[in-house]
Every structure is written in C-alpha cells, then in structure tokens.
Amino acid sequence: MNRTVVIKKCMEYKLEEIVHHLESSLEMLGGLDRFVGPKEKVLIKVNCLFPSEPEKAVITHPVFLQAVIRVLKRNTRDIIVGDSPGFGNFAASNKTGYKKVAAEEGVKLVDFAEDGEIRNENGISYKSFKVTNYVNTVDKVINLPKLKTHGLMYMTLAVKNMLGTVAGTGKPSYHMRAGRDKLLFARMLVDLYMAKPPALNILDGIIGMEGNGPGGGEPVNTGVIVMSENGFALDYVVPQIVGINPDRVYTNIVYKKNILKGIAMDVEIKGEKIADVLYTGFKPVADADESGKQMKKGFVFGFIYKVIMDLITPKQIYLKAPCTACLSCVKACPVDALVYDKKKKRIICDYDKCIRCFICQEICPEKAIVIREPFLGKLMNKKK
Ligand code: SF4
Ligand code: SF4
C-alpha cells in the first residue's frame, strides 16, 4: 500500500474551499481515477458515533461530506452514505445535517445492518467479521474519519473508523471478546481494516475533538484535511499534527509490531509540512497505559489479578448532574453492568461485571461519563 499522506491546512467548513483542497490532494495522489472509476458504486463511511450537532465535533461534518460527494460526482453518481451509530438512527436524524446534504446532492443515506461477512485469512487475531453487506456490494469504500481522542484506543482516526461497518449489536460483542485488553481490541481493528481496506481515507480535522473523546470531549480548531489511500500511514501522521506521539495510538502499536515487524512507519508527506500545521496544547484522553504495554494475565490469577487491575486500570465515572437518564449507556453496555437508580437519580455500575470497553463513555450524549486514571496507574506510567 502506498504510504503517501497529503496534508492541507483548512480552518473553516467552507464548501468551495474544501472541494479545492480535496481536488489538489487527489492530484498529489495521482488523480481521482486511481481511487474511483467512472460509474463505480461508492459507499462513503462517515464517523457518526451517534447523531449529534456538527459543531460538537462528534461526527464527520456535513459540509465536509458534501465536499467529498461533489468531488466523487466527477466520476460517479452511484453514491450511498452510511454508518451504524452506537444509538439513534443514522438516516433519519435531523441533528447531523446529513439529510440536507443527501437531498441536495441526490445521494442515499443508509443505516447499516449486520447482513454481510468479510474475511481476513491473514488476520493477527480475527479472521472473519460480520459487517454491513454494503461493503461487499459496492465497488469502493471511501472512509471519512474525524480527528478525535478515544477513551480506549487513545485516538480514533482512519483504522478505528471502520469499526462502524460492524452494525448495531455486533460492536459490543467485539468489545466483549477483547475485554479490557486494549491491544487485543486494537488487533481486531487492524484485522478488520485489512479485511477490506477502503480505497481512500479522508480525515476531517478542521474541527477536531480533544479531552474526553470520542463523544464527550471539547471541539478544537485543529485546521487540517488529511488524505491517504493508506489508513495506517494517515493514522501515523495525524497524531503528530496535534503533538501526540503516534506510538501511543493502540492500532499503531499493533500495526508496527505485527505487520511492520517492529520497523518504524515510513511515510511520504505531501502538501503542508507537519511543522506548518502543528496544533499545540491539544489535550489527550486520560490513559493508564502510555506505552501500550499491558499486564499479562499469565502471572496473577483470580482475585489478585482483579485487585491489581482495579488499582491500575482507568475507570469510567458516572456524573449525576449532566445525566438526563436517557439510558443509552444502559442499553449499549455489552455485559449489562449498568442500571439507572431512580431513587439516587444516577447511573450505577457493577464494576465487577464491567470489562472497561468504554462504549458507555463513547456514546453518552451529555458528557456525563468521564474516564479517571487510578493513582497507582498514574504512578506506574510515570516510571515507564
Ligand atoms: S450517563 Fe449519559 S448515556 Fe447514561 S443515562 Fe446518563 S446521559 Fe444517558
Ligand atoms: S459499564 Fe461501560 S465500560 Fe463497562 S462494560 Fe458496560 S459499556 Fe463497557
């Protein structure tokens, strides 16, 4: 896979300006025809973690989507746009602005169902995935990730965004299989991405999200559009644009170790230099495991293992005040660890059941779930 990454500086969601940047980026990568041929069927996979207003930076911005559609229409009008949010209806939502874009551009919005399968015989840990069958019926998938922090994977970029092709109830079950093991979950994401790599990845980093991402962080004007046919190359470059070591992103750790066999990623950057678009002061997500090294289960068992893990593993805390009792977290939890206590008017978590997948934190629309790192975890990380 070509490892060229094009960076463009773009501070605002102005349609014509974004179209211009996309076209010149495509020229640097050899032209649109390399990625989408005339009249090919295309699925655009946005990041719609849950239907949300564009200014909150939870979702790929609708103007960004519209610009991508305009550019693709030079070659094809057979375009669908889809995702499978953690909760809510993708195609029917009025919050996102996608309906207006779809109407203006004459494209269809689709909610994914778990009706297809893709395989990766060379997968590191996972060989097959239940996904939306759209990935099998279209000619090309175009991936539109959003620049955001992520409670579990440190950042969500191109590789993580393809988890959205796993529809509805499928996502929690993959989380459950990986449990608290971040590296196993990252291996699953790498295997999934490689099972059916998108033809092109175009990151919406005009307004990104820092802090308590991917659903409850703060929007920040990171001011970039980043394009590459190689999601791993893109994911290696983007953290550097916001001053983060790319080796802290779990999917990057796995890719480097298992696919590149320890050799550092070698990318060619075109367009702007990283130094010229560098965003300083970006707040990362709380994380107990900065190097990606995790304690292995092998040397401690049962009770001792659990006590130690509780002392060092980040934990999600449920704030009372912002919670509106929407119960999205309760419904999404893959192990039924959450209940809403009507008397106390708050969410109660059974931490013995909880596998720390952080799906609840991902999808809470009220920023009522925050990740806290235990004192011992912080101490251990300082020593690393
Ligand atoms: S914590 Fe968030 S997702 Fe859960 S019920 Fe409260 S507002 Fe809803
Ligand atoms: S309580 Fe939250 S972090 Fe724990 S298993 Fe359920 S969804 Fe995952």
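Scroll up to find the structure.
Everything in this summary refers to the structure shown in the same document. The structure presented is a predicted model; accordingly, all values stated were derived computationally and were not measured.

Regarding the overall build of the protein chain
Logical step 1: Helix and strand content of the protein chain: 14 helices and 17 strands.
Logical step 2: Looking at the protein chain as a whole, 58% of its 384 residues qualify as buried.
Logical step 3: Long-range contacts, defined as pairs at least 24 residues apart, comprise 75% of the intrachain contacts of the protein chain with a sequence gap of at least 6.
Logical step 4: Accessible surface computed for the protein chain: about 16000 Å², of which carbon and sulfur atoms make up 54%.

Overview of the site of ligand 1
Logical step 1: Cys 323, Thr 324, Ala 325, Cys 326, Leu 327, Cys 329, Ile 347, Cys 364, Pro 365, Glu 366, Ala 368 and Ile 369 make up every residue found near ligand 1.
Logical step 2: When atoms are counted within 2 Å of each cavity's grid points, the one that captures over half of ligand 1 is the largest cavity.
Logical step 3: When its residues are assigned to classes, the shell around ligand 1 shows 10 nonpolar, one polar and one charged.

Quick notes on unusual backbone geometry
Logical step 1: At the junction of Gly 213 and Pro 214, the peptide bond is cis and its omega measures out at 10° in the coordinates.
Logical step 2: The backbone of Tyr 154 sits at a positive phi, close to 80°, despite the residue not being glycine.
Logical step 3: Among the structural elements, Tyr 154 can be located in strand S9 (residues 154-156).
Logical step 4: Positive phi outside glycine occurs at Lys 345, with the angle close to 55°.
Logical step 5: Along the polypeptide, Lys 345 turns up in the loop between strand S15 (338-341) and strand S16 (346-349).

Some remarks on the environment of Gly 205
Logical step 1: Mapped onto the secondary structure, Gly 205 falls in strand S10 (residues 200-210).
Logical step 2: Sequence spacing of Gly 205 and Leu 147 is 58 residues, and the spatial spacing of their C-alpha atoms is 5.0 Å.
Logical step 3: Once you skip the residues sitting within four places of it in the chain, Gly 205 turns out to touch Leu 147, Thr 222, Gly 223 and Val 224.

Considering helix H3 (residues 98-105)
Logical step 1: Three or more residues of H3 are buried, namely Tyr 98, Val 101, Ala 102 and Glu 105. End-on view of H3: buried residues confined to an arc of 100°, all on one side of the axis. Opposite its buried face, H3 presents the exposed residues Lys 100 and Ala 103, each directed more than 90 degrees away.
Logical step 2: Where the residues of H3 are buried, they touch strand S2 (42-46), helix H2 (62-72) and strand S4 (108-111).

Things to note about empty space enclosed by the protein
Logical step 1: For the structure on display, the rule yields five cavities of 30 Å³ or more.
Logical step 2: Approximately 120 Å³ is the volume found for the largest cavity.
Logical step 3: Every residue lining the largest cavity is counted, 18 residues in all, and those nearest its centre are Cys 323, Cys 329, Ile 347, Cys 364 and Ala 368.
Logical step 4: Counting residues per element, the ones that place at least two in the lining of the largest cavity are helix H12 (328-332) and S16.
Logical step 5: Here the second largest cavity is characterised by a volume of approximately 100 Å³.
Logical step 6: Elements that contribute at least two residues to the lining of the second largest cavity include exactly strand S14 (315-318) and helix H13 (359-363).
Logical step 7: Here the residues of the lining of the second largest cavity are counted per class, giving 13 nonpolar, one polar and one charged.

Describing the site of ligand 2
Logical step 1: Residues in contact with ligand 2 amount to 13 residues; listed here are only the nearest, Cys 333, Cys 354, Cys 357, Phe 358 and Cys 360.
Logical step 2: In a pocket analysis with a 2 Å cut-off to the grid points, ligand 2 is assigned to the second largest cavity.
Logical step 3: Looking at the shell around ligand 2 residue by residue, the class counts come to 11 nonpolar, one polar and one charged.

Focus: the packing of H2 against H3
The axes of two packed helices give the description: the angle between them and the distance between them.
Logical step 1: Between H2 and H3, the shortest axis-to-axis distance is 9 Å and the interhelical angle comes to 20°. Considering the angle they form, H2 stands roughly parallel to H3. As for how H2 packs across H3, the hand of that crossing is right-handed. Contacts from Pro 62, Leu 65, Gln 66, Ile 69 and Arg 70 in H2 reach Tyr 98, Val 101, Glu 104 and Glu 105 in H3.

Some points on the pairing of S14
Logical step 1: Side chains of S14 alternate between two faces, with Gln 316 and Tyr 318 buried and Lys 315 and Ile 317 left unburied.
Logical step 2: In the sheet, S14 pairs with strand S17 (residues 369-372) via four bridges, with the strands oriented antiparallel. From the neighbouring strand, Tyr 318 faces S17, where its bridge partner is Ile 369.

Remarks on the nonpolar core
Logical step 1: Ile 44, Ile 142 and Ile 202 are the most contacted members of the largest nonpolar core, which has 63 residues in total.
Logical step 2: When residues in this core are grouped by element, the largest group, seven residues, is from H2.
Logical step 3: Shared between two domains, this core holds at least three residues of each, these being domain 1 (4-277) and domain 2 (297-383).
Logical step 4: Contact partners of Ile 44, with chain neighbours within four places excluded, come to Leu 65, Val 68, Ile 69, Leu 72, Ile 79, Ile 80, Val 81, Gly 82, Ile 142 and Leu 144.
Logical step 5: Ranked by size, the runner-up nonpolar core spans 62 residues in total, among them Val 138, Tyr 174, Leu 234 and Ile 371.

Parameters and conventions
- Residues numbered from 1 in each chain as written.
- Chains lettered and ligands numbered in written order.
- Predicted model: local features only at pLDDT ≥ 70, side-chain atom pairs only at ≥ 80, totals over all residues.
- Heavy atoms only, no water.
- Helix = DSSP H or I, 4+ residues; strand = E, 2+ residues; numbered from the N terminus.
- Buried < 20%, exposed > 50% of the residue type's maximum accessible area, 1.4 Å probe, protein only.
- Contact = heavy atoms within 4.5 Å.
- Areas by Shrake-Rupley, 256 points an atom, 1.4 Å probe, with all protein chains shown as cover.
- Near = heavy atom within 4 Å.
- 1 Å grid on protein atoms, 1.4 Å probe; cavity = no way out; pocket = protein on both sides within 12 Å on 5 of 7 lines; lining within 4 Å.
- Sits in = over half its atoms within 2 Å of the grid points.
- Nonpolar A, V, L, I, M, F, W, Y, C, P; charged D, E, K, R; others polar.
- Arc of directions from axis to C-beta.
- Points joined across faces, edges and corners; volume = space filled by probe spheres on them.
- Axes fitted to C-alpha atoms, helices over the stretch in contact; angles between N-to-C directions.
- Parallel < 35°, antiparallel > 145°, perpendicular 65-115°, else oblique.
- Left-handed = near helix turned anticlockwise from the far one by under 90°.
- Pairing = 2+ DSSP bridges.
- Core = buried A, V, L, I, M, F, W, Y, C linked by side-chain atoms within 4.5 Å.
- Domains from an automatic or database assignment.

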